Amino acid sequence: MVGQTELNVEKRAFLCLAMIKGVGFHTLWQLAEAESSFHAVFNLSNDELAKTLRLRGERIAQGSSQDWTKIKSSCEKAVDQLTAVFRNLRIGVLFRSDESYPQALLDLEDPPHWLFVQGNVEILQAPSVAIVGTREPSADGLWLAEYVGLTLHHWGHPTVSGLAIGIDQAVHNASLTAGVPTIAVLGTGITADYPKNAGPLRQKIISAGGAVVSEYLPNDSYSAMNFVRRNRLQAALARALIPVEWRERSGTAHTVRYAAGLGRAIAGLRLPTWQTRQVTIPPGSGPRQVFTVPGQDDAFRGFIDKFLRDTAMYRQTSFL
């Protein structure tokens, strides 16, 4: 099922506010945290709207009532155009209050107030496994990514990764080959062209029943902080995490720490040839284990399988 592209008044007002010059992600987050109605805020008198936005820290230019009337009208037209783009690209907007909002994200201390979802919204509720890694994999890392890819058919459940060059894109491609849906979580806005040349892969993900997800405003660009926040969504969406190859200070390391803090299962991997190389998983409340592959193949598959098929907390869904 594709996310709804027809916006209700609250979602339309949310996007209208986002179109005002000087209004960004953090201002809208503050409004949502205060349980303000976006529709009510956007429809304040011109002076009150400007005052409300300034109180949220935005540097809104002084302007006459006539200026603000023009600004609001321009925002409405911009949202009309954006809605047409969303309809064409199969992009919908989810709020926390929506029934189709992924419940796994509510485990976070700061679950997104909104999500932009391109493709299959329902896949976000399915039991999935997150597989992430470095943008600059070694030959060993690429081998491990291929090994995990060949195991996906055994599990028969969706994957979660970040669409980045390197391990992430290898995971998405392996998922497509295995015939399982895959979810790409972005650190940019849903319409941003990042990473470059990833458009064909994104389209394959959507066509195969997967989804592309972002909490950032549609045209938001990348930043180090955006990617750190993105990583918490990867960890939360999945029941188990497989970090394929990573450095101590990296985006993957952030994802591992988020998963540990959330109590998600974590399966580290190492090769038999790694005599002195250590794979360390940070402490947390969830199960974690490092597997040597080849060698502990059955144990590795069974470890992940257990958490994908545990129906005590989640609805079981299989796609093979």
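Above this text you will find the structure in question.
Everything numeric in this text was worked out from a predicted model, so none of it was measured.

## Brief notes about the packing of helix α6 (residues 139–155) against helix α11 (residues 297–308)
Two numbers describe how α6 lies on α11: the axes approach to 11 Å, and their chain directions differ by 50 degrees. Comparing their axes, α11 and α6 come out oblique. Viewed along their axes, α6 and α11 form a crossing whose handedness is right-handed. Taken together, the residues of α11 that come into contact with α6 (itself represented by Tyr147, Val148, Thr151, His154 and Trp155) are Asp297, Phe300, Arg301, Ile304, Asp305 and Leu308. A per-class count over the contact of α6 with α11 returns six nonpolar, two polar and three charged.

## Some thoughts on the side chain of Asn231
Take Asn231: it is sitting in helix α9 (residues 224–237). Overall, Asn231 belongs to the buried group, its relative accessible area being 2%. Within polar-contact distance, the side chain of Asn231 engages the side chain of Arg230 at 2.9 Å.

## With respect to the packing of helix α7 (residues 167–178) against helix α8 (residues 199–207)
Orientation of α7 relative to α8, taken along the N-to-C sense of each, is 40 degrees, at an axis distance of 10 Å. It follows that α7 is oblique to α8 by the angle criterion. Handedness of the crossing formed by α7 with α8: left-handed. For the pair α7 and α8, contact is made by Gln169, His172, Asn173 and Leu176 and by Leu201, Lys204 and Ile205, respectively. When grouped by side-chain class, the residues that make up the contact of α7 with α8 number three nonpolar, three polar and one charged.

## Looking at the environment of Ala40
Summarising the element assignment, Ala40 is placed in helix α3 (residues 38–42). Residue classification places Ala40 among the partly exposed positions, given a relative accessible area of 42%.

## A few points about the sheet that holds strand β5 (residues 182–185)
Judged by pairing direction, the sheet is mixed, and its nine strands sit side by side in the order β1-β2-β6-β5-β4-β3-β7-β8-β9 without closing on themselves. Among the strands making up the open sheet, the edge pair consists of β1 (91–95) and β9 (288–292). When strand polarity is set aside, the average angle formed by the axes of neighbouring strands in this sheet is 25 degrees. Pairing of strand β8 (residues 265–270) with β9 involves five bridges; the strand directions are parallel. The partner of Gly268 across the bridge, within β9, is Val290. Along the sheet face, helix α1 (residues 9–18) touches β1 and β2 (114–119) and points at about 105 degrees away from the line of β1.

## Some words on unusual backbone geometry
With an omega of -10 degrees, the peptide bond between Tyr194 and Pro195 qualifies as cis. Its place among the elements puts Pro195 in the loop between β5 and α8. Within the chain, Glu35 stands out as a residue other than glycine whose phi angle is a positive 60 degrees. Considering the arrangement of structural elements, one finds Glu35 in the loop between α2 (25–33) and α3.

## Here we look at the pairing of β1
Taken across its five residues, β1 has five buried, putting it largely inside the fold. Two strands pair when backbone bridges link them, and β1 and β2 are joined in this way by five bridges, in the antiparallel orientation. Across the sheet, Phe95 pairs through a bridge with Trp114, a residue of β2.

## Thoughts on the packing of aromatic side chains
Under the definition given, this model contains 19 aromatic pairs. By way of ring pairs, the aromatic residues Phe14, Phe25, Trp29, Phe38, Phe86, Phe95, Trp114, Phe116 and Tyr216 are connected into one cluster.

## Some remarks on the nonpolar core
Counting residues in hydrophobic clusters, the biggest one holds 41 residues, and the most contacted among them are Phe14, Leu17, Ile20, Leu28, Phe38 and Trp114. Breaking this core down by element, the ones donating at least two residues are α1, α2, α3, α4 (46–55), α5 (65–89), β1, β2 and α8. The element that contributes the greatest number of residues to this core is α1, accounting for six residues. Excluding residues within four positions of it along the chain, Leu17 makes contact with Val23, Leu28, Leu31, Phe38, Val41, Phe42 and Leu49.

## Focus: α1
Taken across its 10 residues, α1 has seven buried, putting it largely inside the fold. Taken together, the buried positions of α1 are Lys11, Ala13, Phe14, Leu15, Cys16, Leu17 and Ala18. Two to three positions downstream of the cap, the backbone nitrogen of Glu10 sits 3.2 Å from a side-chain oxygen, assigning the N-cap of α1 to Asn8.

Each value, and the rule that gives it
Residues numbered from 1 in each chain as written. Predicted model: local features only at pLDDT ≥ 70, side-chain atom pairs only at ≥ 80, totals over all residues. Heavy atoms only, no water. Axes fitted to C-alpha atoms, helices over the stretch in contact; angles between N-to-C directions. Helix = DSSP H or I, 4+ residues; strand = E, 2+ residues; numbered from the N terminus. Parallel < 35°, antiparallel > 145°, perpendicular 65-115°, else oblique. Left-handed = near helix turned anticlockwise from the far one by under 90°. Contact = heavy atoms within 4.5 Å. Nonpolar A, V, L, I, M, F, W, Y, C, P; charged D, E, K, R; others polar. Buried < 20%, exposed > 50% of the residue type's maximum accessible area, 1.4 Å probe, protein only. Polar contact = N/O pair within 3.5 Å; in protein donor to acceptor, adjacent residues only side chain to side chain. Pairing = 2+ DSSP bridges. Phe/Tyr/Trp six-rings, centres within 6.5 Å; stacked < 30°, edge-to-face > 60°. Core = buried A, V, L, I, M, F, W, Y, C linked by side-chain atoms within 4.5 Å.

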